[in-house]
Amino acid sequence: MGLKKNKEEKTIHYSKNSKLPAILVIAIVVLSIILGITMGSKWQQTKANKKNHHTQITSDALHQEIEQIGELATVSYYYTNMGKFEDALKFFVHDVPFTTKSFILSYDGNIKAGIDLSAIEVAVSDTVITVSLPSAHITSHDVDMDSVIFYDEKNSIFNGLSAEDVTEFLGKQQKLMEEKAINNGLLTKAEENTEQVLKTLLNNFIKINDENDTPYELRFIAKKPTVTKEPVVTKEPAVTEQN
């Protein structure tokens, strides 16, 4: 009898332990189902939100996307320049002796060129997007004043060097360097870079907002400058008195 009782207790003890893993598995399955339903609901909501926030591909929408950038400087032209200033008092066309003043100036500069994106025109026709780009222009020209070095300064007690001499000379040198940069293709490069930047910008905008995956074609053309006509002034015929 003692052996039988021990055997029954052992059996009961074993059967209680066997129920614990089953309960744990059921709990995990139920939790997984709940999480799956929750995540699925959130995913559907996110998908619906994205669908509702699509922007139509129109000329105005594309223009607003471009205009947010403002003025786009796409090229920087770094240079080092050296120029000589010389001036003397004049007597008619001749230099007055002992009045010559001069110096040689060296400095570093940076010219930036780009396009005013607010002047861009965008047209959408079926699957063709035409972007009219205005001509590039110099957006800034900075001189590193810490790099300015004067050489071979010559002064005259009758015609002394002044700050105005340096400012005026530096301004003339900047204009010369801008002409040099333009002749070396600065503005052409700025227009090419702008086109590449806008291609990336517009393609990304279309990819995000076009639900139908329409194969849009981007075309870039030069914007024709606006010509302002001067008002025509008509002269009234002279009236001659007849005797």
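These figures come from a predicted structure and were not determined experimentally.

(A) Here's a closer look at the pairing of strand 4 (residues 101–116). Summarising burial for strand 4: 12 of the 16 residues are buried, a large majority. Pairing between strand 4 and strand 7 (residues 137–154): 11 bridges, direction antiparallel. Opposite Leu-105, over in strand 7, you have Phe-150 as the bridge partner.

(B) Inspection of the environment of Lys-112 at higher detail. Tracing the backbone through its elements, the reader meets Lys-112 in strand 4. Looking at Lys-112, the relative accessible area reads 31%, which means it is partly exposed. For the pair Lys-112 and Ala-73, spaced 39 residues apart in the sequence, the C-alpha separation amounts to 6.2 Å. What Lys-112 contacts, discounting residues up to four positions off in sequence, is Ala-73, Val-75, Ser-76, His-137, Ile-138, Thr-139 and Ser-140.

(C) Seen up close, the sheet that holds strand 6 (residues 128–133). Ordered by their spatial adjacency, three strands build an open sheet running 5-6-8, and the pairing between neighbours is mixed. Each having just a single partner strand, strand 5 (121–125) and strand 8 (217–222) make up the two edges of the open sheet. The average undirected angle you get between the axes of adjacent strands in this sheet is 20°. Along the sheet, helix 2 (residues 59–67) contacts strand 5 and strand 6; its crossing angle with strand 5, the most-contacted strand, is approximately 145°. Taken strand by strand, helix 4 (residues 186–209) contacts strand 6 and strand 8, and its axis lies near 150° from that of strand 8.

(D) Spotlight on the environment of Met-177. For Met-177, the location among the structural elements is in helix 3 (residues 163–183). Look at Met-177 and you get buried, because its relative accessible area is 7%. Residues Met-177 and Tyr-77, 100 residues apart in the sequence, show an inter-C-alpha distance of 9.9 Å. When near neighbours in sequence (up to four residues on either side) are disregarded, Met-177 contacts Tyr-79, Asn-81, Tyr-107, Ile-111 and His-141.

(E) Here's a closer look at the packing of helix 2 against helix 4. Running from N to C, helix 2 and helix 4 point in directions that differ by 130°, and their axes come no closer than 11 Å. As judged from the angle between their axes, helix 2 and helix 4 are oblique. Note on packing geometry: the crossing formed by helix 2 with helix 4 is right-handed. Here Ala-61, Leu-62, Glu-65 and Ile-66 of helix 2 come into contact with helix 4, specifically with Leu-198, Leu-201, Leu-202 and Phe-205. Counted by class, the contact of helix 2 with helix 4 contains seven nonpolar, no polar and one charged residues.

(F) Focus on helix 2. If you check which residues of helix 2 are buried, you get Ala-61, Leu-62, His-63 and Ile-66. Structurally, helix 2 contributes buried residues whose contacts are with strand 5, strand 6 and helix 4.

(G) Quick look at the confidence of the model for the protein. Mean pLDDT over the protein: 77, with 70% of residues reaching 70 or higher. Here residues 1–20 is modelled with pLDDT under 50, and outside its nearest four sequence neighbours on either side it reaches zero contacts, counting other chains as well. Low pLDDT (under 50) marks residues 233–243, which in the prediction has zero contacts with non-local residues, meaning those over four places away or in another chain.

(H) Broad picture of the pattern of salt bridges. This model, assessed by the stated rule, comprises six salt bridges. The shortest N-O distance in the salt bridge between Asp-165 and Lys-101 comes to 2.7 Å. One end of the pair, Asp-165, is in helix 3; the other, Lys-101, is in strand 4, with 64 residues separating them in the sequence. Like Asp-165, the residue Lys-101 is buried in the burial classification. Put simply, Arg-219 and Glu-217 hold a salt bridge, and the shortest N to O gap is 3.1 Å. By relative accessible area, which is 41% here, Arg-219 ends up partly exposed.

Parameters and conventions
Residues numbered from 1 in each chain as written. Predicted model: local features only at pLDDT ≥ 70, side-chain atom pairs only at ≥ 80, totals over all residues. Heavy atoms only, no water. Buried < 20%, exposed > 50% of the residue type's maximum accessible area, 1.4 Å probe, protein only. Helix = DSSP H or I, 4+ residues; strand = E, 2+ residues; numbered from the N terminus. Pairing = 2+ DSSP bridges. Contact = heavy atoms within 4.5 Å. Axes fitted to C-alpha atoms, helices over the stretch in contact; angles between N-to-C directions. Parallel < 35°, antiparallel > 145°, perpendicular 65-115°, else oblique. Left-handed = near helix turned anticlockwise from the far one by under 90°. Nonpolar A, V, L, I, M, F, W, Y, C, P; charged D, E, K, R; others polar. pLDDT = per-residue confidence, 0-100. Salt bridge = Lys/Arg side-chain N within 4 Å of Asp/Glu carboxyl O.

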